[in-house]
Amino acid sequence: MKNTAVIYIALFAFAIAVTAGVFAEDATYVGNGQCKICHNKKDEGEAWTKWKNSPHAKAIETLNTDAAKAAAQKLNLAKAPAEAPECLKCHVTGYDAATGKAPEKIQTADGVQCEACHGPASAHTAEGKKFKSGDKDAKPGEKIGHPDEATCKKCHNEQSPTWKADRYTLPDGTKTGFDYKQAYAKIEHNNPLKKK
Ligand code: HEC
Ligand code: HEC
Ligand code: HEC
Ligand code: HEC
């Protein structure tokens, strides 16, 4: 009984974090080209370039490989992987499998881009512009999602047809399909000018 209650509370907290807490309300997707304008300075950690060189930016190319075709064949998909909603829902930012569409400003070819993790960022972009033009009251950091492990696990889970339960090894030798610490280290794009 006690354990069940704990699980329910945990699930409830998770649902709230996913649906409301993480992303700025009423914001729409702007696309990574916007982020590049303000987040690609070398001394600030080149977030855009790091993303561009990461596996996430190549998530569509990956759907054209033989491995992808093999995975799709097993599932008997009606369409090629790079056009199948069953694959695009995790390989494209904000893709809606029900309508078969990505948000207006999102290019499918860019795969998993900034707003897949940070959430739709039109409000942040507007606030960032105010900040850059000297508005001391502008708070861009409050209008953008701060992703965490739960964000990653919306895609990094057993529903991935190429999921490997032993992809990661924890310090104590345990195998796991996803380890946030090690996985984030592979796509790290922190700003070295900011002390955490
Ligand atoms: C007009 C400039 C501008 C644009 C465009 C912009 N940002 Fe920002 N962003 C800022 C400023 C200014 C800050 C606050 C100072 C900083 O942390 O560099 C910031 C901070 C952030 C932070 C850190 C928040 C924190 O406090 O830890 C994230 C994450 C972020 N932006 C993501 C994005 C993403 C994703 C995009 C594209 C969808 C984007 N930004 C577009 C200007 C911009
Ligand atoms: C919208 C879905 C989605 C989200 C959210 C997401 N990923 Fe991914 N991730 C993918 C896809 C799809 C690939 C495969 C890309 C490829 O190889 O073409 C991938 C690949 C990776 C890889 C390379 C494979 C590996 O495990 O070594 C790492 C590392 C990674 N993601 C880390 C993260 C982290 C850390 C987060 C959360 C902060 C995250 N991802 C959030 C979809 C996502
Ligand atoms: C639940 C989200 C999800 C769905 C749905 C999904 N993928 Fe992925 N895909 C991922 C993630 C995350 C990765 C990164 C590797 C991992 O952790 O599984 C990935 C990686 C891949 C890879 C690279 C192989 C590897 O081991 O890195 C291929 C190929 C692939 N996906 C094909 C597909 C195909 C084909 C479909 C549709 C039939 C599909 N994916 C649907 C999330 C997904
Ligand atoms: C796969 C998920 C994922 C993608 C894609 C992604 N980010 Fe992030 N980003 C994160 C996570 C997680 C953190 C927080 C790390 C932390 O708390 O230390 C972060 C942190 C940041 C920060 C704050 C850095 C700091 O040290 O203050 C900025 C700015 C940022 N991201 C911008 C971007 C931009 C721009 C893009 C696209 C070009 C992008 N991110 C793509 C997951 C992602």
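Here is what the cut-offs are and how they apply
- Residues numbered from 1 in each chain as written.
- Chains lettered and ligands numbered in written order.
- Predicted model: local features only at pLDDT ≥ 70, side-chain atom pairs only at ≥ 80, totals over all residues.
- Heavy atoms only, no water.
- Near = heavy atom within 4 Å.
- Polar contact = N/O pair within 3.5 Å; in protein donor to acceptor, adjacent residues only side chain to side chain.
- Helix = DSSP H or I, 4+ residues; strand = E, 2+ residues; numbered from the N terminus.
- Nonpolar A, V, L, I, M, F, W, Y, C, P; charged D, E, K, R; others polar.
- Donors = N, O, S within 2.8 Å, 3.2 Å for Na, K, Ca; no water.
- Tetrahedral: all angles 85-135°; square planar, octahedral: opposite > 155°, others 65-115°.
- Buried < 20%, exposed > 50% of the residue type's maximum accessible area, 1.4 Å probe, protein only.
- Core = buried A, V, L, I, M, F, W, Y, C linked by side-chain atoms within 4.5 Å.
- Contact = heavy atoms within 4.5 Å.
- Arc of directions from axis to C-beta.
- Phe/Tyr/Trp six-rings, centres within 6.5 Å; stacked < 30°, edge-to-face > 60°.

**Q** Help me out: how do you make sense of the site of ligand 2 in this one?
**A** Residues in contact with ligand 2 amount to 19 residues; listed here are only the nearest, His 56, Thr 62, Cys 152, Cys 155 and His 156. Within the contact set of ligand 2, an oxygen atom lies 2.6 Å away from a side-chain nitrogen or oxygen of Tyr 168. Those elements that provide at least two residues to the shell around ligand 2 are α5 (85–91), α8 (149–153) and α9 (180–187). A per-class count over the shell around ligand 2 returns 11 nonpolar, 5 polar and 3 charged.

**Q** Explanation requested: the coordination of the iron atom of ligand 4 in the structure shown.
**A** By definition of the ideal shapes, four donors in a tetrahedron about a metal sit 109.5 degrees apart, and six donors in an octahedron sit 90 or 180 degrees apart. Every protein donor of the iron atom of ligand 4 is accounted for by His 118 (NE2) and His 189 (NE2), and the metal-donor separations fall at 2.0 Å. Coordination geometry of the iron atom of ligand 4: the 6 donor atoms subtend angles of 86 to 178° at the metal centre, consistent with an arrangement described as octahedral. With a gap of 71 residues between them, His 118 in helix α6 (residues 114–118) and His 189 in the segment after α9 connect regions that are remote in the sequence. The class of His 118 is partly exposed, set by a relative accessible area of 25%.

**Q** I tried to follow the site of ligand 3 on my own but got confused; where do I start?
**A** Around ligand 3 lies a shell of 22 residues, among which Cys 87, Cys 90, His 91, Ser 160 and Arg 167 are the nearest. Between ligand 3 and His 91 there is a distance of 3.0 Å, counted from a nitrogen atom to a side-chain nitrogen or oxygen. Here Lys 164 contributes a side-chain N or O atom positioned 3.3 Å from an oxygen atom of ligand 3. Counting only elements with at least two residues in the shell around ligand 3, the list comes to α4 (66–75) and α5. In terms of residue class, the shell around ligand 3 is made up of 11 nonpolar, 7 polar and 4 charged.

**Q** Looking at this model, I keep getting lost on the coordination of the iron atom of ligand 3. Mind explaining?
**A** Its sole protein donor being His 91 (NE2), the iron atom of ligand 3 sits 2.2 Å from that atom. Looking at the element boundaries, His 91 is found in helix α5.

**Q** I keep staring at the nonpolar core and nothing clicks. Help me out?
**A** Among soluble globular proteins, nonpolar side chains are generally buried collectively. Counting 11 residues, the largest nonpolar core consists of Ile 60, Leu 63, Ala 72, Leu 77, Ala 82, Ala 84, Cys 87, Leu 88, Val 92, Tyr 95 and Ile 106. Residues contacting Ala 72, with those up to four places away along its chain left out, are Leu 77 and Pro 81.

**Q** What should I look at first to understand α4 in this one?
**A** The α-helix winds at 3.6 residues per turn, so residues separated by three or four positions along the chain end up facing the same way. Turning to α4, its buried residues number three or more, namely Ala 68, Ala 71 and Ala 72. For α4, the buried positions fall inside an angular range of 100° around the axis, keeping them on one side. Projecting away from the buried face of α4 at angles above 90 degrees are the exposed residues Asp 66, Ala 67, Gln 73 and Lys 74. Phi turns positive one or two residues past the end of α4, at Asn 76, with a value near 60°.

**Q** I tried to follow the packing of aromatic side chains on my own but got confused; where do I start?
**A** Any aromatic ring pair is given by two values, namely how distant the centres are and how the planes are angled relative to each other. Summed over all chains, the structure comprises 3 aromatic pairs. Plain terms: the ring middles of Tyr 168 and Phe 178 are 6.2 Å apart, the flat faces sit at 75° to each other, and that makes the pair edge-to-face. Of this pair, Tyr 168 sits in strand β1 (residues 168–169) while Phe 178 sits in the loop between β2 (175–176) and α9; the two residues are 10 residues apart in sequence, bridging distant segments of the chain. Using a relative accessible area of 8% as the deciding quantity, one classes Tyr 168 as buried. Measuring from centroid to centroid gives 6.1 Å for Tyr 180 and Tyr 184, while their planes differ by 20°, and the two rings are stacked. Of the two residues, Tyr 180 and Tyr 184 both sit in helix α9, 4 residues apart, roughly one turn of that helix.

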